[in-house]
Amino acid sequence: PDLEVFADANLTVDTNPLCPAITDPAVTAADEGAVHGSEVVALLVGNGRGPGAVQGIVPDANVIFYGVGDASKEFADGDVCGSSGDTVEGVEEGIIRALDAGADVISISLSVGLPIWAAQQASYSRAIAEGVVIVAASNNGTGFSPAPAPFAMNGVVGVNSMAEDGSLRHDADSDDPSKLNIH
């Protein structure tokens, strides 16, 4: 939240780590481990100032950031918490915290080739039952099989990146347009 793009934003960083491998999800510099989360939040609540001059699409929204992992320390199979179980449990805990905080929308910019455990399915079901929209990234060509969580789950709005020419990026998991909702 100390980045210029977040000045005056309604942004809170949950300082309680979701992964055992992460000691502090709140950082003051846009280092390699924090850039992805900072970029995604800037797309939501950025003020148009600072490097990149990113103007968010919902600049007046209240955002609570729950950090799951460290993008500079990606482990095997896209895992960012140190083990598959830690990543799944971290995402699950983040969803529960967001729901308990009264979230209207949960944005998950993470896609990993991990099994969907029963407990994680329960948190997604709870979100849907409470009318909370979950938006999740497709896996950007990592080729995980079966289709990765969470974007391939029922009730989740899957999104994909755009190519430089403005077309929808096609990769191993987004070649089937029925898996993606484009807004």
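Above this note sits the structure.
This one's a predicted model, so the numbers in the text were calculated from it and none came from an experiment.

Undergrad: Even after reading the chapter, I still don't get the overall build of the protein chain, so can you show me in this structure?
TA: Regarding its fold elements, the protein chain presents three helices and five strands. Sequence-ordered secondary structure for the protein chain, helices as α and strands as β, is β-α-β-α-β-α-β-β. By the burial criterion, 38% of the 183 residues in the protein chain qualify as buried. Sequence separation of 24 or more characterises 62% of the internal contacts of the protein chain that already satisfy a separation of 6 or more. Entry remark: accessible area of the protein chain is about 9700 Å², with carbon and sulfur atoms responsible for 53%.

Undergrad: Looking at this structure, I do not really get the pattern of salt bridges. What am I missing?
TA: Between side chains of opposite charge, a pair can form as their charged atoms come close. The tally for this structure, following the rule as stated, stands at five salt bridges. We note a salt bridge from R126 to D100, for which the minimum N-O separation is 2.8 Å. Residue R126 is located in helix α3 (residues 118-129), and its partner D100 is located in helix α2 (residues 84-100); the two are separated by 26 residues in the primary sequence. We classify D100 as exposed; its relative accessible area is 56%. Here the residues in one salt-bridge network are D14, E93 and R97, joined through shared partners.

Undergrad: I keep staring at the side chain of D14 and nothing clicks. Help me out?
TA: Tracing the backbone through its elements, the reader meets D14 in the loop between β1 (10-13) and α1 (35-45). Reaching out from D14, the side chain makes a polar contact with the backbone nitrogen of N16 at a distance of 2.7 Å. Here R97 takes part through its side chain, which lies 3.3 Å from a polar atom of the side chain of D14.

Thresholds applied
Residues numbered from 1 in each chain as written. Predicted model: local features only at pLDDT ≥ 70, side-chain atom pairs only at ≥ 80, totals over all residues. Heavy atoms only, no water. Helix = DSSP H or I, 4+ residues; strand = E, 2+ residues; numbered from the N terminus. Buried < 20%, exposed > 50% of the residue type's maximum accessible area, 1.4 Å probe, protein only. Contact = heavy atoms within 4.5 Å. Areas by Shrake-Rupley, 256 points an atom, 1.4 Å probe, with all protein chains shown as cover. Salt bridge = Lys/Arg side-chain N within 4 Å of Asp/Glu carboxyl O. Polar contact = N/O pair within 3.5 Å; in protein donor to acceptor, adjacent residues only side chain to side chain.

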